[in-house]
Amino acid sequence: MKNKRIKRVGILTGGGDCPGLNAVIRGVAKPAHDNGLSVLGIQDGFEGLVTGKAIELYNKDVSGILAQGGSILGSSNKGDPFHWPEQFDDEVKIVDRSEKALRNYEAWDLDALIAIGGDGTMHISKKLSDMGMNIVGVPKTIDNDLDATDQTFGHDSAVYVVTMALDRLHTTASTHHRVMVIEVMGRYAGWIALHGGLAGGADIILIPEIPFDWEVVYDKVMQRHMRGKRFSIVCVAEGAKPLDGEMVVRAKDIKRTDPIQLGGVAEVVAENITRNTGLETRYTILGHLQRGGSPTPYDRILSTKFGTYAINLAMKKKFGRMVALKGNEISSVKIEDAIAKQKLVKPTDQAVQAAVAVGVSFGTEKL
Ligand code: F6P
């Protein structure tokens, strides 16, 4: 294949979905078709690569999907070929099915595979690259926690949903003179809470990277109350934890590479605020609303740029790389470098500093 042009690419969407996946698929498939390549859509992420589920993608399949949420290919966060859950009698055992994935890749006659996904997808992609697959990664996740790219697509859409929710919570909070706590996603990173909280005018933002002090949270709410601001908005990341406590884990699922499912911290925060300040408090868990629906214009543009850049990399046979946003330009990095480090919020980040400057509390006196 050294001097031959590539003729056929596979494409899959792995892990949790987010707005913009279809825009990337379109961004890959349209130029691929225009250059005479065929495109195979692998269904339900890596699960389809192992079980052999795939469909040919023609122009008609990728036309009109730019603004569509979710993924026309389906996705899964339980299909890691190296961590494959298999039922043995009444027990689920984790086995390695990567050879099966490789056999399907070869049987489908793929010259390259475009893997669209987050941290988990890039880890799997690295291992499959080492086995000989020609992979190009595209970074998606609402969490925005991939260090190698300035932004992942999907994040802006999630932040938009959080902002709209906070705007709505503001009016009911101020009318009823209540404290409103909203829980947002993000796993171990606080980007959604930080950006959503900043855009939505939250009074307190609690994130995993800055463990909070309960007393500082209560004081902030009480100070506002005493100054005549008879409502407060608390935007809490699902991974936020107090100085003396742990993250709130909703469930554990061994079928997933990361078994931890976070969720429920908003209820704890709301209960403690009521108990310790006497103020009426309500909580809302925004959940999967942050992942559904149409991508924002920013995400449509970023996804289209990512998709078209990814297919160009594949046509140039620059494999083992992930596309990345650096400033305003799309470039690429080695997949192994992309997964070396998680991108977490730093107290010195401009968004944190700007929030503090306009009076937002991160639940700590030391920043
Ligand atoms: O990684 C994206 C994400 O939405 C996280 O923010 C969240 O913790 C997790 O996925 C939820 O996963 P699931 O949809 O499997 O509950």
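Residues numbered from 1 in each chain as written. Predicted model: local features only at pLDDT ≥ 70, side-chain atom pairs only at ≥ 80, totals over all residues. Heavy atoms only, no water.

Trainee: What's the story with the nonpolar core in this structure? I'm lost.
Mentor: A general trend in soluble globular proteins is that nonpolar side chains are found buried together. The biggest cluster of nonpolar side chains holds 62 residues, and the ones touching the most others in it are Ile-11, Ile-114, Ile-116, Val-138, Phe-153 and Phe-362. The two domains that each donate at least three residues to this core are domain 1 (8–153 + 295–327) and domain 2 (155–292 + 346–357). Those residues in contact with Phe-362, other than ones at most four positions away along the chain, are Leu-194, Ile-205, Leu-206, Ile-207, Ile-210, Phe-212, Val-352, Ala-355, Val-356 and Leu-367. Grouped together as the second largest cluster of nonpolar side chains are 28 residues, Val-95, Tyr-105, Leu-113 and Val-333 included. (Core = buried A, V, L, I, M, F, W, Y, C linked by side-chain atoms within 4.5 Å. Buried < 20%, exposed > 50% of the residue type's maximum accessible area, 1.4 Å probe, protein only. Domains from an automatic or database assignment. Contact = heavy atoms within 4.5 Å.)

Trainee: Please explain the state of the cysteines as it appears in this structure.
Mentor: Scanning the model with the defined rule gives zero disulfides in all. The thiol sulfur of Cys-18 is not disulfide-bonded, and the nearest other cysteine sulfur, from Cys-235, lies at 19 Å. We classify Cys-235 as buried; its relative accessible area is 0%. (Disulfide = S-S within 2.5 Å.)

Trainee: How should I be thinking about the packing of helix α7 (residues 191–199) against helix α12 (residues 350–357) in this particular structure?
Mentor: Any two packed helices are characterised by how steeply their axes cross, that is the angle between the axes, and by the distance between the axes. α12 packs onto α7 with a crossing angle of 40 degrees between their chain directions and a minimal axis gap of 10 Å. As the angle between them shows, α7 and α12 are arranged oblique. Remark: the crossing between α7 and α12 carries left-handed chirality. Of the residues in α12, those touching α7 at Leu-194, His-195 and Leu-198 are Ala-351, Val-352 and Ala-355. (Axes fitted to C-alpha atoms, helices over the stretch in contact; angles between N-to-C directions. Helix = DSSP H or I, 4+ residues; strand = E, 2+ residues; numbered from the N terminus. Parallel < 35°, antiparallel > 145°, perpendicular 65-115°, else oblique. Left-handed = near helix turned anticlockwise from the far one by under 90°.)

Trainee: Explanation requested: the domain arrangement of the chain in the structure shown.
Mentor: Interface extent is often summarised as the accessible area lost during association of the parts. Considered domain by domain, the chain is made up of domain 1 (8–153 + 295–327) and domain 2 (155–292 + 346–357). Here domain 1 and domain 2 have C-alpha centroids that lie 32 Å from each other. On the side of domain 2, 19 residues touch domain 1, which itself brings 24 residues to the contact. Broken down residue by residue, the surface that domain 1 buries against domain 2 is led by Lys-78, Ile-142 and Asp-143, which jointly contribute 30%. Applying the counting rule to domain 1 against domain 2 returns four salt bridges. (Buried area = accessible area lost by both parts, 1.4 Å probe. Salt bridge = Lys/Arg side-chain N within 4 Å of Asp/Glu carboxyl O.)

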